Number of protein chains: 2
Amino acid sequence: MMEKKLLVAASIILNLIFTIHILYNKDSTTWNPTWTNRAALEAEDAASVSCSGHGRAYVDGLGALDGNKPPCECNNCYTGTDCSILVADCLVDANSGDPLFLEPFWMQKSEGSAVVESGWHMMSYSYYAYGSFVSQELEKVIRKLHNVVGNAVTDNRFVIFGNGATQLIAASVHALSRTNSSSSSSPARLLASVPFYNMYKNQADFFYSANVKFGGDASALKESEDNDNVTQVIEVVTSPNNPDGKMRRAVLDGSNVKTIHDNAYYWPYFSPTTHPVDEDLSLFSLSKTTGHAGSRFGWALVKDKAVYERMKTYINLSSLGVSRDSQLRALQLLKVVLGDGGEEIFNFGYKTLKKRWDTLNKIFSMSNRFSLQTIKPEYCNYFKKVRDFTPSYAWVKCERVEDTNCYEIFRAAKITGRDGNVFGSEERFVRLSLIRSQDDFDQLIDMLKKLVPRGADSI
Amino acid sequence: MMEKKLLVAASIILNLIFTIHILYNKDSTTWNPTWTNRAALEAEDAASVSCSGHGRAYVDGLGALDGNKPPCECNNCYTGTDCSILVADCLVDANSGDPLFLEPFWMQKSEGSAVVESGWHMMSYSYYAYGSFVSQELEKVIRKLHNVVGNAVTDNRFVIFGNGATQLIAASVHALSRTNSSSSSSPARLLASVPFYNMYKNQADFFYSANVKFGGDASALKESEDNDNVTQVIEVVTSPNNPDGKMRRAVLDGSNVKTIHDNAYYWPYFSPTTHPVDEDLSLFSLSKTTGHAGSRFGWALVKDKAVYERMKTYINLSSLGVSRDSQLRALQLLKVVLGDGGEEIFNFGYKTLKKRWDTLNKIFSMSNRFSLQTIKPEYCNYFKKVRDFTPSYAWVKCERVEDTNCYEIFRAAKITGRDGNVFGSEERFVRLSLIRSQDDFDQLIDMLKKLVPRGADSI
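Everything numeric in this text was worked out from a predicted model, so none of it was measured.

K.L.:
Mind showing me how you'd approach the interface of chain A and chain B here?
P.N.:
How large an interface is tends to be reported as the accessible area lost when its parts come together. With 114 residues of chain A in contact, the opposing surface of chain B contributes 114 residues. Across the chain A to chain B interface the summed buried area is about 10,300 Å²; carbon plus sulfur atoms make up 59%. Contact with chain B buries surface across chain A, with Trp 120, Met 123 and Phe 206 of chain A losing the most and accounting together for 9% of the total. Inspection of the region where chain A meets chain B yields four salt bridges.

In structure tokens form, the structure reads like this:
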């Protein structure tokens, strides 16, 4: 009798427990996705593929069409289905400026940085509400970012978007080379001081505009006094510079001189923010701001309305603006950056590069066979302290008399850098990329440890 | 006693039901998203904003940065927070070729067409696994699409991507104008038969390459026999043509002549698939394939390796390829299209345009003041039947002697078309876009019903 009563009581209590449990779940405000589910599942599936910390899988990776789980895309020198196998005797990639040093940051920010695009997102040619190719929200966020970081003045500036700073370089050169076409029949001369990013030369040579020709070293022109003050001159000033990371100013001046400031690297990762850039034409790139080189998004801050209109026409005729997909993505990424005023990402990036430079400096101090660029620390308005420069690239000089081709010496030591002559400089220099993945950097250091101390006494 | 036994039985049965319910939910394979949840919620929120069927809200719409629900972006002539207010006496937009006629299709395909991009998706400059700027999976899907639709031969063709067919036009012109630079010192002449899409002329004029000049009407050159057979000539053949939708062939030939085939409109929406295009250089655009003009994605099928390499260099130097975000999106959209061999989308698009042309023809038959282009129906290999052409645009001619400026006549009737002289043709013609949203078309019809029958007897 007692047991029966206990069982009945237990049953009733169980009823109550179940009822509360079910009511709780009904009352819970957990939202469940509907039409985004398939795509979300695919993305989370790809993200969950284990690549041993030496790679990652993408939703559109090879085999994605066949419904297979996407494969790992391994960092250089790693292989195997899960990137766990280190290839012996592998060639280190220190060539391109792929900004993968920021990938770990974005992997931590998975929730904030994800983007979901509906199938009908932005099908129009223009942002309908205001008939343009430019997202107003993205422009707002870019202005805000510059103000927060303090690396550029945006007041009284037009903002123009491009498919990477790459397209904006071409647009700027074109816009500036035609502005005073009536005053000179010779093509404008495009110059930059050695060592310079060779894209400026390559574009000018290849596009073969009737209005502009690449004219070589700006500093050489200055010294030669060959500037006739009539032929239009366009100087590209890259600051911080690629390849050597140094801050630069224009070397040419005069009423016939126009200047393009390529400030793509002017972020706290690479250099102190000494002052906000306040020029007529400044270029920036998402590649070096958030690390998203693949999105092909850059912007220019332009003072002069006529120049702005010409650049806009150039971008419009070249490609009818920039992909709305890239603009949506850039907006989300920059929202994450701005969420804490850039503190987390800039600290992450700067600390990563500081550590890499400390390691590099230590190795290079073991020998006088090779030297690195040295730049005096300066006060950084963003970090509010004096800090080292931590450039994207090591600009290495082979000091030994007989080491005439630095690229080949490093290549023989299984390190692929970029030849100094690509930057208009001597073959005694080689550029080594320091902004790639941690794997790339670790491999670089392993090889440098073998190369640098060799023949340490001879110069 | 009986009641007590019944209650106990009920309690036990209830417990069994609850147990089964909970076990079922645990066993259920319902997947719950984690890090994609925020972005998915935002996207579904935006999609759920009611715009009365006369607009839509985008995740990155105005105010998105302030955390507000994105606003409706209304179709032309609609206003109000939910686009429910029709503006009286509104100017109809029949100008641009915004392919919004396909928007309803994509809204139905919400699940299949959504894309989720992680914050670390494709940060690299290149598709790492094979060091290029081109998604192999996307290339595969494009080749498959052409084979299924039967509108182009892809065997022995290189595929090259561009930021819209727009960028590929410039790349093609550049590539073809330099191929035989040694044989002629004059710039190549770029021509197209009137009426032609004015982008060809605008690009050539604006970019002002030393190697190519726009030379006007190809047909006029043919008739004038001014082709010296030495100066390089590049003819752009748009087929179906913009603005009149007619199939076209090259008019010029000779060893000094190169041809670019702009086949952007060669899809079952607009014309019968009479044969697969089998040319040296064919251009296509996502804008006219799926309707996603905002994604800025196009591709070229190229036979000659040297031409392909030059075009690739052009795209690389212009913009380091095409956004990986756009490529991911294009892949997903084309996967949906290919899911049923294109049947649903091409039928949807064709039927929409057929209905629009039937309505248009009916109105224009009420008067001989204006005429439309007429094209004989042909057998379509895709739909496997003889079918009408259903061009994107009405190419309207003002037949009355005194109606010399057709654009102005339509403008006065509150319809903004595109002036015939923009296409190198006479002002007696005006182009009216028929591929915009249903609202745009309905408004166009309302205005045409007032305009067309007026003065029906006079010519």
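From this point on, the discussion continues.
K.L.:
What's the story with the relation of the copies chain A and chain B in this structure? I'm lost.
P.N.:
Both copies of the chain are tied together by a single rotation about an axis and a shift running along it. Between the two copies, chain A and chain B, the superposition gives an RMSD of 0.3 Å; the rotation angle is 180° and the shift along the axis is 0.1 Å. The superposition of one copy onto the other is thereby described by a two-fold rotation axis. Taken as a fraction of all interface residues of chain A, those also at the interface in chain B reach 100%, which identifies the copy contact as same-surface.

K.L.:
Before we go on, may I ask you to explain the state of the cysteines in this structure?
P.N.:
In a disulfide, the sulfur atoms of two cysteines are held together by a covalent bond. All names here are of chain A. Taken as a whole and judged by the stated rule, the model has eight disulfides over all chains. Cys 51 shares a disulfide with Cys 72; S-S distance 2.1 Å. Between Cys 51 and Cys 72 the sulfur-sulfur dihedral comes to about -95°; the bridge is accordingly left-handed. Of this pair, Cys 51 sits in the loop between α2 (37-48) and β1 (55-57) while Cys 72 sits in strand β2 (residues 72-74), and the two are 21 residues apart along the sequence. Accessibility expressed as a relative area gives 12% for Cys 72, which makes it buried. Put simply, Cys 398 and Cys 406 are joined by a disulfide, and their sulfur atoms are 1.9 Å apart. An S-S torsion of about 80° defines the bridge between Cys 398 and Cys 406 as right-handed. Each member of the pair, Cys 398 as well as Cys 406, is classed as buried.

K.L.:
I'm lost on the UniProt feature "domain: Alliinase EGF-like" (unreviewed entry) in chain A in this one. Help?
P.N.:
In the numbering used here, UniProt assigns the feature "domain: Alliinase EGF-like" (unreviewed entry) to residues 34-90 of chain A. Split by type, residues 34-90 of chain A is 21% helix and 18% strand. Its first and last C-alpha atoms lie 47 Å apart.

K.L.:
How do you make sense of the nonpolar core when you look at a structure like this?
P.N.:
Most often, soluble globular proteins have nonpolar side chains that are buried together. Formed by 109 residues in total, the largest nonpolar core has its most connected members in Trp 106 of chain A together with Trp 106 of chain B. If we ignore the near neighbours within four places in the chain, the residues touching Trp 106 of chain B are Gly 119, Trp 120 and Met 123 of chain A together with Ser 113, Thr 290, His 292, Leu 333, Val 336, Val 337 and Ile 345 of chain B. Formed by 72 residues, the second largest nonpolar core is a distinct cluster that contains Tyr 197, Met 199 and Ile 234 of chain A together with Ile 234 of chain B.

K.L.:
Any chance you could explain the sheet that holds strand β9 (residues 212-217) of chain B here in plain terms?
P.N.:
To summarise the sheet geometry, strands pair through backbone hydrogen bonds and adopt either a parallel or an antiparallel arrangement. Residue and element names in this part refer to chain B. Ordered in space as β7-β13-β12-β11-β10-β8-β9, the seven strands form an open sheet in which the pairing is mixed. Each edge of the open sheet carries a strand with a single partner, namely β7 (158-162) and β9. Averaged over all pairs of adjacent strands, the angle between their axes in this sheet comes to 25°, without regard to strand direction. Note that strand β12 (residues 281-285) and strand β13 (residues 298-302) share five bridges and pair antiparallel. Of the residues in β13, the one forming a bridge with Ser 282 is Leu 301. Its contacts with the sheet place helix α5 (residues 136-149) against β7, β12 and β13, and it is angled at close to 115° to β7. Contacting β7, β12 and β13, helix α10 (residues 305-319) crosses the sheet at an angle of about 20° to β7.

K.L.:
Hey, could you run me through the pattern of salt bridges in this one?
P.N.:
Note that side chains of opposite charge can pair when their charged atoms are close. Residues and elements named next belong to chain A. Within this structure, the stated rule accounts for 36 salt bridges over all chains. Between Lys 201 and Asp 205 there is a salt bridge, and its shortest N-O distance comes to 2.6 Å. Residue Lys 201 and its partner Asp 205 are both found in helix α7 (residues 199-207); the two are separated by four residues, about one turn of the helix. Note on Asp 205: relative accessible area 38%, which makes it partly exposed. Here Asp 440 ties to Arg 436 by a salt bridge, and the two come within 3.5 Å at their closest N and O atoms. Here Asp 440 and Arg 436 have matching classes, each one buried. Among the ionic contacts, a cluster of salt bridges with common partners joins Arg 369, Arg 400, Glu 402 and Asp 403.

Reading guide: rules and limits
Residues numbered from 1 in each chain as written. Chains lettered and ligands numbered in written order. Predicted model: local features only at pLDDT ≥ 70, side-chain atom pairs only at ≥ 80, totals over all residues. Heavy atoms only, no water. Contact = heavy atoms within 4.5 Å. Buried area = accessible area lost by both parts, 1.4 Å probe. Salt bridge = Lys/Arg side-chain N within 4 Å of Asp/Glu carboxyl O. Least-squares fit on C-alpha atoms with pLDDT ≥ 70 in both. Disulfide = S-S within 2.5 Å. Helix = DSSP H or I, 4+ residues; strand = E, 2+ residues; numbered from the N terminus. Buried < 20%, exposed > 50% of the residue type's maximum accessible area, 1.4 Å probe, protein only. UniProt positions renumbered as here; feature names shortened; annotations may be inferred. Core = buried A, V, L, I, M, F, W, Y, C linked by side-chain atoms within 4.5 Å. Pairing = 2+ DSSP bridges. Axes fitted to C-alpha atoms, helices over the stretch in contact; angles between N-to-C directions.

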